[in-house]
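# A closer look at the structure
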Amino acid sequence: QVQLVESGGGLVQPGGSLRLSCAASGSIFSIYTMGWYRQAPGKQRELVAAITSGGSTNYADSVKGRFTISRDNAKNTVYLQMNSLKPEDTAVYYCNADLKRHLQSNLVNYWGQGTQVTVSS
């Protein structure tokens, strides 16, 4: 069994910062791309940022320059540092990972349960 557990969400004022963490646990051989997605009420889930096992990153245009994704491969953990937060960043943020549970297994995609981020004064 594999679990992705997010933490770090909460309520923050506009212009503030939050740091999200997501730890993968269970029977894991190797994790490839890890990422953060978000879904606001009434909107589709969208990619926020992603990072490969080698450290290459990709960001949504709306968060470039404000958010930074990073990972600790030894801890199977991905982070999202969010600065200069805006009300439009309010959403449930989901962790996502592509991983193999064993050397010969297929690549499987996993999701975390989500953590709420609310930006409001």
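Residues numbered from 1 in each chain as written. Predicted model: local features only at pLDDT ≥ 70, side-chain atom pairs only at ≥ 80, totals over all residues. Heavy atoms only, no water.

Take the sheet that holds strand 1 (residues 2-7) next. With respect to topology, four strands assemble into an open sheet ordered 1-3-8-7, the strand pairing being antiparallel. The open sheet is flanked by strand 1 and strand 7 (67-72), the only strands paired with a single partner. Put simply, the sheet's adjacent strands are angled 15 degrees from each other on average, direction ignored. Strand direction decides the pairing type here: strand 7 and strand 8 (residues 77-82), joined by six bridges, are antiparallel. Each bridged residue has a counterpart across the sheet, and for T68 the counterpart in strand 8 is Q81. (Pairing = 2+ DSSP bridges. Helix = DSSP H or I, 4+ residues; strand = E, 2+ residues; numbered from the N terminus. Axes fitted to C-alpha atoms, helices over the stretch in contact; angles between N-to-C directions.)

Right, let's talk about unusual backbone geometry for a bit. In most cases, non-glycine residues show a negative phi, while peptide bonds are predominantly trans. Despite not being glycine, N76 has its phi angle at roughly 50 degrees, a positive value. Note on placement: N76 falls in the loop between strand 7 and strand 8. Positive phi, normally seen in glycine, also occurs at S84, with a value near 50 degrees. Examined against the element boundaries, S84 turns out to sit in the loop between strand 8 and strand 9 (91-100).

On to the pairing of strand 8, then. For strand 8, the buried fraction is high: five of the six residues fall into the buried class. Where strand 3 (residues 18-26) lies against strand 8, six bridges are found, and the strand directions are antiparallel. The partner of L18 across the bridge, within strand 8, is M82. Counted between consecutive antiparallel strands, the loop separating strand 7 from strand 8 contains four residues, among which N76 sits at a positive phi close to 50 degrees. (Buried < 20%, exposed > 50% of the residue type's maximum accessible area, 1.4 Å probe, protein only.)

By secondary structure assignment, the location of K43 is in the loop between strand 4 (30-39) and strand 5 (46-51). Considering only alpha carbons, one finds K43 and L85, 42 residues apart in sequence, at a separation of 19 Å.

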